[in-house]
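# An overview of the molecular structure
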Amino acid sequence: MRLVQRDNAKPDERVPLGEKGIGRLAATRLGHYVHVETGVKGEPQNYNLVLDWRPVYADYNLDASALDFEPTASDWPKIKGESGTSIRIQDLQADWDDGKLQRLSETDLVKLADPFVNNIACLFLNVFFQGVELKYIQAFPSSYLKEADAYCTIEFRSNVGEKKGPTLQVTTDYKRFSRVESIEHCGAHIQNFVSYAAKGKNRQRAKDKLSNSDSVIAALKSLGDFSASFWWYNRGRISRSNPVLWKELEPFIRAWSGGFLVYRDGFRVYPYGSVGDDWLDLDRKALASSAFKLNRAQIVGYLRISTRGNPKLHDQTNREGFRDCPEKEALRRLLRHSIISDVKTYLEKIDKEVAPPNPGELNEIDGRVLDNFEQVEQNLRGIQQRVPNESKTIAAILAQLKEINDAWDRAKDALTAQEDELEQYIHLAGVGLMVELIAHELSRSTNMALEILESKNVANSPGRLDVLKAQLKTINKRVRILDELSIPGRQRKSEQNIGDLVELIKELYEYKAERHGVSLKIVRMGKRSLIRRVEKGQIIQIFDNLLSNAVYWLNRRLNREDSPSILIEVDPETSTVRVMDNGPGVPRGLGDRVFDAFYTTKPAGEGRGLGLYIAKRLAVDNNANLTLISATGDHHAGFELKFKGVGDT
């Protein structure tokens, strides 16, 4: 009944908060006798409703017809010209005292109505105990919000236009340093970070028609508009620098932190924002980082939705949060990306301009490298047992991998002995990232080879044997690239033909491009060669990252009319190499943010946010500059690596 009232409400009418009309049952958890008296402004008659559940608890076989729960006319004294409701609950099921009322008032009742709109929003509530009014509900102390280190806003619009589609605007004001950033996400990027990558046979390929089966992506259009804001407090900094202020702030932050308080039409949706509710998994994500930023204990904020604007976000029957649905999951992923990928990385970026990063962050990369290498070794030994004829080849690959792994360990140990720790950290992290990416591809290749070997009649199937040989050839190529990159003695600058290095990385990616249906083409302009004194492995690493990103985004492009393609132009006249593709590109509004450390628009678990950051630093080390190609329309279609010529600065 209540849902029908809500759906049939006129635009100028207030929308009922409930949906099911069974809220009266909740009152029985407090007491078995409920008396409601109410009057509406302008109407001469008041009404009362008596809900006496005691007969039901006395006789569980009682027929429902024995209960008379109809409203009747009331002689309750009506105050002229006012509306009001009185709810009286008796036969209480628990003990009540003023301490319990105080805790309830300070943790829940003060947050019932949206205090961020009006700091006295909840003062319409009056609390009495034994006939004495208790002043436990106070105005929201909004002045404390000015003491926050940063203020962030998140605005989502579900339908800006057919061409642009849903948009997400994230603005971060790092007030402590007077720095502001505003990022707008749309198109393939906003779809990508609310989706989860398909695995195995269900993985999307660049040549295939774009699948519309992802219900969470589709929910972006039906979710409806919402807005959120939060204030972030660096508790450690405040307590150390201003103990007097912290003494005032601590009770406020303890009472109001916990993430986003959710308000629908101005009234709270439980349990979001409670101490025990971490529906966005912020604590787990934040505490996994050495920075300890943006866990819920440091955030005071709200999320605003509306009944009309977000009709798919229905409450659960017990009123404990939203029902599970694609729209709820889309909302959760949008907020997580905004906080973790946009806001958190921006705050850390500004902080690192003041204090350099901690090399301890390398441990996470090291762990993933170790896991991938163990998987590769296990898979190769499995192949060796099944294909005795290839034992020598596989043994050679294992020996090379062992040498590379040893070199990786020596490089880590050498870090502590370097005077210029930051530069060594950047270089080492770059090596580690590429080792991780290639080790991941090795793991995928060896897994595929094992699948082929486990198939029946492999020996009698020339086609399958050809595929297996191609897999082993791919493994050899990737180990060769690792060999060039990771052995410390080979990381010396020498005269290199940049065009030949591009051809080498193309050879490495040919099988992957073919697998995804991507056309990979190199155009060497003019008759001269582009020769520069560079570190071969580092230049290969730069191109590897650019091609890896290009293939990734081609798989996720929205425009499937044209065949996916990557074009690499080598231009000796301008000393540039351009890597371009016909994917979604980099949004104009995002710009150089893609080069920031740990920033990514890929879903959780798929992107580290280190690749382009390291590639840009490696370009500088090789007397070059890595930039975005000038934007055409609303996006940048690729990257340009420009080498400085003789006399250039």
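Please refer to the structure higher up on the page.
Below: a short report on this structure. (Residues numbered from 1 in each chain as written. Predicted model: local features only at pLDDT ≥ 70, side-chain atom pairs only at ≥ 80, totals over all residues. Heavy atoms only, no water.)

### With respect to the nonpolar core
Ranked by internal contacts, the top residues of the largest apolar core, which has 47 residues, are Phe 543 and Ile 566. Secondary structure elements with two or more residues in this core: α15 (498-516), β15 (519-524), α16 (536-554), β17 (565-571), β18 (576-581), α17 (611-621), β20 (624-628) and β22 (638-643). No other element matches the nine residues that α16 contributes to this core. What Phe 543 contacts, discounting residues up to four positions off in sequence, is Ile 498, Val 502, Ile 505, Val 577, Val 579 and Leu 641. Counting residues in hydrophobic clusters, the runner-up holds 41 residues, among them Leu 168, Phe 193, Val 194 and Val 216. (Core = buried A, V, L, I, M, F, W, Y, C linked by side-chain atoms within 4.5 Å. Buried < 20%, exposed > 50% of the residue type's maximum accessible area, 1.4 Å probe, protein only. Helix = DSSP H or I, 4+ residues; strand = E, 2+ residues; numbered from the N terminus. Contact = heavy atoms within 4.5 Å.)

### Looking at the packing of helix α6 (residues 215-222) against helix α10 (residues 326-354)
For any two helices packed against each other, one specifies the inter-axial angle together with the distance between the axes. Where α6 meets α10, the closest approach of the two axes is 8 Å, and the angle between their N-to-C directions is 90 degrees. One element, α6, and the other, α10, form an angle in the roughly perpendicular class. On α10, the residues that touch Ser 215, Val 216, Ala 219, Leu 220 and Ser 222 of α6 are Pro 326, Glu 327, Glu 329, Ala 330, Arg 333 and Leu 334. Residues belonging to the contact of α6 with α10 are distributed by class as follows: six nonpolar, two polar and three charged. (Axes fitted to C-alpha atoms, helices over the stretch in contact; angles between N-to-C directions. Parallel < 35°, antiparallel > 145°, perpendicular 65-115°, else oblique. Nonpolar A, V, L, I, M, F, W, Y, C, P; charged D, E, K, R; others polar.)

### A short note on the sheet that holds strand β1 (residues 31-39)
An order of β3-β2-β1-β4 is seen for the four strands of this open sheet, with the pairing classed as antiparallel. Lying at the two open borders of the sheet, with one neighbouring strand each, are β3 (72-74) and β4 (84-92). For this sheet, the mean angle separating the axes of adjacent strands, direction not counted, is 25 degrees. Pairing geometry for strand β2 (residues 46-52) and β3, over three bridges, is antiparallel. Residue pairing in the sheet places Asn 46 in a bridge with Ser 74 of β3. (Pairing = 2+ DSSP bridges.)

### Focus: the packing of aromatic side chains
Applying the stated criterion across every chain, the model contains 19 aromatic pairs. Ring centres of Phe 140 and Phe 252 lie 5.9 Å apart, and the angle between their planes is 50 degrees; on these two criteria the pair is classed as tilted. Of the two residues, Phe 140 sits in the loop between β6 (132-134) and β7 (150-157) while Phe 252 sits in helix α8 (residues 243-256), which places them 112 residues apart along the sequence. Pair check on accessibility: Phe 140 and Phe 252 agree, each one buried. With 6.0 Å between their ring centres and 80 degrees between their planes, Phe 595 and Phe 639 make a pair best called edge-to-face. Note that Phe 595 is positioned in the loop between β19 (586-587) and α17 and Phe 639 in strand β22, a separation of 44 residues in sequence. By the burial criterion, Phe 595 is buried, and Phe 639 matches it. (Phe/Tyr/Trp six-rings, centres within 6.5 Å; stacked < 30°, edge-to-face > 60°.)

### Thoughts on unusual backbone geometry
Each neighbour pair has its own omega, and for Tyr 270 with Pro 271 the value is 0 degrees, a cis peptide bond. Positionally, Pro 271 belongs in the loop between β12 (267-269) and α9 (282-287). Unusually for a residue other than glycine, Ser 575 sits at a positive phi of about 60 degrees. On the secondary structure map, Ser 575 appears in the loop between β17 and β18. Among the residues examined, Ser 575 registers a relative accessible area of 9% and is labelled buried. Even without a glycine there, the phi angle at Asn 623 is positive, about 60 degrees. Looking at the secondary structure, you find Asn 623 in the loop between α17 and β20. The partly exposed category is assigned to Asn 623, whose relative accessible area is 40%.

Function-wise, these values are silent; they only describe arrangement.
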